Amino acid sequence: MTVLVFLVSLLGAMALGMPIAISLLVCGVALMLHLGMFDAQILAQNLIGGADSFPLMAVPFFMLAGELMNAGGLSKRIIAFAMALVGHVRGGLGYVAVVAAIVMASISGSAVADTAALAALLIPMMRQAGYRLDRSCGLIAAGGIIAPVIPPSIGFVVFGVAAGVSITRLFLAGIVPGLLMGLALVITWYVLAKDEPVSPLPRPSVRSIAKAAFDGLWALLLPFVIIGGMKLGVFTPTEAAVVAAVYAFVIGMFVYRELRIEHLRPALLAALKMSASVMFLVAAALVSAWLITIANIPAEVGAMLGPLIEHRTLLMAAMMLLVIVVGTALDFIPTVLILTPVLMPIVKQAGIDPVYFGVLFIMNNAIGLLTPPVGTVLNVVCAVGRVPVDKVVRGVMPFLLAQIAVLTLLVLIPDIVTVPAKWFYGR
């Protein structure tokens, strides 16, 4: 009965058109009334306490880093370097999109910001070069969802706070799966690009490649600064977010000199709006998470999944299927916040490594950014490239299947995640 109250109140509020954060609060109130423990003071305390988290400070700074990176010319130089590196091979602009997506993902951690930058710079170039527009948009959208998996990742920060899992370990464990997602896109594009009626770009000279690398050196160093700093214990993930924002500001303002004072207000405003939305969602979700625990909903869900507890692979497959279904209807952050308190007790009961589960959980939610009808990343590509949604959906399907194949591989062979992760954080 409690699960029914939870689902009906949450889905009913969303069906009425309420924002997700308000729907979560309505769900919390409904659970309190059902349990006979309604208290407005407890509701307010948990709402404030949900946002009162030092690790969550990483969210606005990573978002600001992404905005400053785009305004300060760092994104443009990363794409120019990728162009010099692989732009001359057949289907070269597609490989450029994947390489640039991986590098940019290791800086900002925001799928929306990375996708917008890639789409704005590469879609006009691919359109002019004669690439199929639907396929090009699909590739760029699929490349954009690597950002929540490769560190630094805003998704890992939110999941780490909600689940009580080490964010540093999540960051380091996401490196190999993120690279595998990029490799899957490269292989898929290689197969599809054979029938692209496009002549390769001229092969650049070694001097041109060296010039592009030197010009983008400061942008390309940032991922090593962030990952190296966390691995060596120089700073925490939250401090790494501040370092990324300050680094992007200094390089854009004083080295590349493309970031100007008049660019700061729009960048700060964009980061502020996105951060406020995420923080309110987290605060509202942690109210529901507290009540989910009090109402013992994880135990009820665990009883439903009881036959699978002893079979970890089947249990992981069932949970990933649930996340895929939910991800088609909800956006990234709400899905993370709603399902984390429900699934984590089951994960612990089954003896599954929480870091391993967190990586696959975030990867699955990232894939949800490509699935209609919500598909936030799809909508970004459509808006920036001015392409109809149905055309982008057709183009993204091969790449979506490739990402699901990577997720399936990681469910079947956990060592791909756990062994490199243990090496990275020294256990």
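Residues numbered from 1 in each chain as written. Predicted model: local features only at pLDDT ≥ 70, side-chain atom pairs only at ≥ 80, totals over all residues. Heavy atoms only, no water.

- The name that an unreviewed UniProt entry assigns to the protein chain is TRAP transporter large permease protein, with the source organism given as Bosea massiliensis.
- For the protein chain, the Subunit (unreviewed entry) comment in UniProt is given as "The complex comprises the extracytoplasmic solute receptor protein and the two transmembrane proteins."
- You can read under Sequence similarities (unreviewed entry) in the UniProt record for the protein chain the words "Belongs to the TRAP transporter large permease family." (UniProt positions renumbered as here; feature names shortened; annotations may be inferred.)

Points about the overall build of the protein chain
Alright, step 1. For the protein chain, the count of helices and strands is 22 helices and zero strands.
Alright, step 2. By the compact-globule yardstick of 22 Å for 427 residues, the protein chain fits well, its C-alpha radius of gyration being 21 Å.
Alright, step 3. Oriented by its inertia axes, the alpha-carbon framework of the protein chain measures out at about 70 × 45 × 45 Å.
Alright, step 4. The buried share among the 427 residues of the protein chain stands at 55%. (Helix = DSSP H or I, 4+ residues; strand = E, 2+ residues; numbered from the N terminus. Rg over C-alpha atoms; globule rule 2.2 N^0.38 Å. Buried < 20%, exposed > 50% of the residue type's maximum accessible area, 1.4 Å probe, protein only.)

Considerations on a nonpolar patch on the surface
Alright, step 1. Judged by side-chain polarity, Phe214, Leu217, Trp218, Leu221, Phe224, Val225, Val242, Val246, Val250, Phe254 and Val255 come together as a nonpolar surface patch covering roughly 1000 Å² of accessible area.
Alright, step 2. At the level of secondary structure, the elements contributing two or more residues to the nonpolar patch comprise α13 (217-231) and α14 (237-255). (Patch = residues over 30% accessible without salt bridge, like charges linked within 9 Å, V, L, I, M, F, W, Y side chains within 5 Å. Areas by Shrake-Rupley, 256 points an atom, 1.4 Å probe, with all protein chains shown as cover. Salt bridge = Lys/Arg side-chain N within 4 Å of Asp/Glu carboxyl O.)

Thoughts on α14
Alright, step 1. Taking 1.5 Å of rise per residue, the 19 residues of α14 would be expected to cover 27 Å, and the 25 Å separating its terminal C-alpha atoms lies within 8% of that figure.
Alright, step 2. Among the residues of α14, Pro237, Thr238, Ala240, Ala241, Ala244, Ala245, Tyr247, Ala248, Ile251, Gly252 and Met253 are the ones counted as buried.
Alright, step 3. Positive phi appears at Arg257, one or two residues downstream of α14, with a value of about 60°. (Expected span 1.5 Å × (residues − 1).)

Overview of the packing of aromatic side chains
Alright, step 1. Scanning the model with the defined rule gives eight aromatic pairs in all.
Alright, step 2. On the numbers, 6.2 Å between centres and 55° between planes, the contact of Phe159 with Phe357 is tilted. You can see Phe159 sitting in helix α9 (residues 154-163) and its partner Phe357 sitting in helix α19 (residues 354-367), a full 198 residues away along the chain. Both residues of the pair, Phe159 and Phe357, belong to the buried class.
Alright, step 3. Relative to Phe254, the ring of Phe249 has its centre 6.2 Å away and its plane inclined at 90°; by these criteria the two rings are edge-to-face.
Alright, step 4. Accessibility expressed as a relative area gives 27% for Phe249, which makes it partly exposed. (Phe/Tyr/Trp six-rings, centres within 6.5 Å; stacked < 30°, edge-to-face > 60°.)

Re the nonpolar core
Alright, step 1. Judged by nonpolar contacts, the single largest core of 156 residues is most densely connected at Val158, Phe159, Met316, Leu343, Ile352, Phe357 and Leu360.
Alright, step 2. Take this core: its biggest share by element is twelve residues, from helix α15 (residues 261-294). (Core = buried A, V, L, I, M, F, W, Y, C linked by side-chain atoms within 4.5 Å.)

Brief notes about the environment of Arg77
Alright, step 1. Along the chain, Arg77 falls in helix α5 (residues 74-86).
Alright, step 2. For Arg77, a relative accessible area of 13% gives the class buried.
Alright, step 3. In the structure, Arg77 is positioned 143 residues away from Leu220 in sequence and 8.8 Å away in space, judged by C-alpha atoms.
Alright, step 4. Among residues more than four places away in sequence, those in contact with Arg77 are Gly72, Asp215, Gly216, Tyr256 and Glu258. (Contact = heavy atoms within 4.5 Å.)

Observations regarding the packing of α19 against helix α21 (residues 389-412)
Alright, step 1. Where α19 meets α21, the axes come as close as 11 Å, and the angle between the chain directions of the two elements is 165°. Regarding the angle of α19 to α21, the classification is roughly antiparallel. When the axes of α19 and α21 are compared, the crossing they make is left-handed. Contact residues: α19 offers Tyr356, Leu360, Met363, Asn364 and Ile367, while α21 offers Leu400, Gln403, Ile404, Val406, Leu407, Leu410 and Val411.
Alright, step 2. When grouped by side-chain class, the residues that make up the contact of α19 with α21 number ten nonpolar, two polar and no charged. (Axes fitted to C-alpha atoms, helices over the stretch in contact; angles between N-to-C directions. Parallel < 35°, antiparallel > 145°, perpendicular 65-115°, else oblique. Left-handed = near helix turned anticlockwise from the far one by under 90°. Nonpolar A, V, L, I, M, F, W, Y, C, P; charged D, E, K, R; others polar.)

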